[in-house]
Amino acid sequence: MNTIQEVFCVRCGSADTRVTRLAPTSAEGTCLRCDKPFHATPCQNCGGFRIDGSFGVSGTRFENLPETVRCWDCPHPNPLRDPGPEETAGAR
């Protein structure tokens, strides 16, 4: 049985992602909504990659970021992870 795991963008929380590498300890890909690459780590509790974006709410930015983000597979609060610089598109 081959199960495809849904991976949320670490910036905006969108599930509309193109995953290029999926491993038990990390996932890499591109978000089709915000058009930026991402590197995701799984939930510390259940191992799922369906975790709120670093900014908590899809399409929303906060002046003060929360310390944790929620996993949608279980209610576990995960430490906020920095998705990297915003201006990564086109910088090669």
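Because the structure is predicted, anything quoted here is derived from the model rather than measured. (Residues numbered from 1 in each chain as written. Predicted model: local features only at pLDDT ≥ 70, side-chain atom pairs only at ≥ 80, totals over all residues. Heavy atoms only, no water.)

A tally of regular secondary structure across the chain gives zero helices and five strands. Seen in sequence order, the chain has helices and strands lined up from the N terminus as β-β-β-β-β. In the chain, buried positions account for 34% of the 92 residues. Looking at the chain alone, contacts between residues at least 24 apart form 41% of all its contacts between residues at least 6 apart. Here the chain has roughly 6,000 Å² of accessible surface; of this, 50% comes from carbon and sulfur atoms. (Helix = DSSP H or I, 4+ residues; strand = E, 2+ residues; numbered from the N terminus. Buried < 20%, exposed > 50% of the residue type's maximum accessible area, 1.4 Å probe, protein only. Contact = heavy atoms within 4.5 Å. Areas by Shrake-Rupley, 256 points an atom, 1.4 Å probe, with all protein chains shown as cover.)

Right, let's talk about the sheet that holds strand β2 (residues 26–31) for a bit. An order of β1-β2-β3 is seen for the three strands of this open sheet, with the pairing classed as antiparallel. Two strands lie at the open edges of the sheet, namely β1 (17–23) and β3 (37–40), each paired on one side alone. Each adjacent strand pair in this sheet contributes to an overall mean axis angle of 20°, direction not counted. One ladder, built from six bridges, connects β1 with β2; its direction is antiparallel. Residue V19 lies in a different strand from β2, and its bridge partner there is G29. (Pairing = 2+ DSSP bridges. Axes fitted to C-alpha atoms, helices over the stretch in contact; angles between N-to-C directions.)

Another point: the packing of aromatic side chains. Taken as a whole, this structure holds zero aromatic pairs when the rule is applied. Note that R70 overlies the ring of W72, its terminal NZ or CZ placed 3.7 Å from the centroid. (Phe/Tyr/Trp six-rings, centres within 6.5 Å; stacked < 30°, edge-to-face > 60°. Lys NZ or Arg CZ within 6 Å of the ring centre and 35° of its normal.)

What the rule picks out here adds up to three salt bridges. Here R21 ties to E28 by a salt bridge, and the two come within 3.5 Å at their closest N and O atoms. One network of salt bridges, with partners in common, ties together E6, R50 and D73. (Salt bridge = Lys/Arg side-chain N within 4 Å of Asp/Glu carboxyl O.)

A word on the nonpolar core. Of all hydrophobic cores here, the largest spans nine residues; its members are V7, C9, V10, C12, A27, C31, F38, A40 and F49. Elements with a contribution of two residues or more to this core: β2 and β3. If you look at the next biggest cluster of nonpolar residues, it comprises five residues, including C43, I51, C71 and C74. (Core = buried A, V, L, I, M, F, W, Y, C linked by side-chain atoms within 4.5 Å.)

Mapped onto the elements, R11 comes out in the segment before β1. Overall, the relative accessible area of 4% leaves R11 in the buried class. Reaching out from R11, the side chain makes a polar contact with the backbone oxygen of P37 at a distance of 2.7 Å. (Polar contact = N/O pair within 3.5 Å; in protein donor to acceptor, adjacent residues only side chain to side chain.)

Another aspect to go through is unusual backbone geometry. Excluding glycine, a negative phi dihedral is what most residues carry, and trans is how most peptide bonds are arranged. One non-glycine residue, D35, lies in positive phi territory at about 55°. Structurally, the position occupied by D35 is in the loop between β2 and β3.

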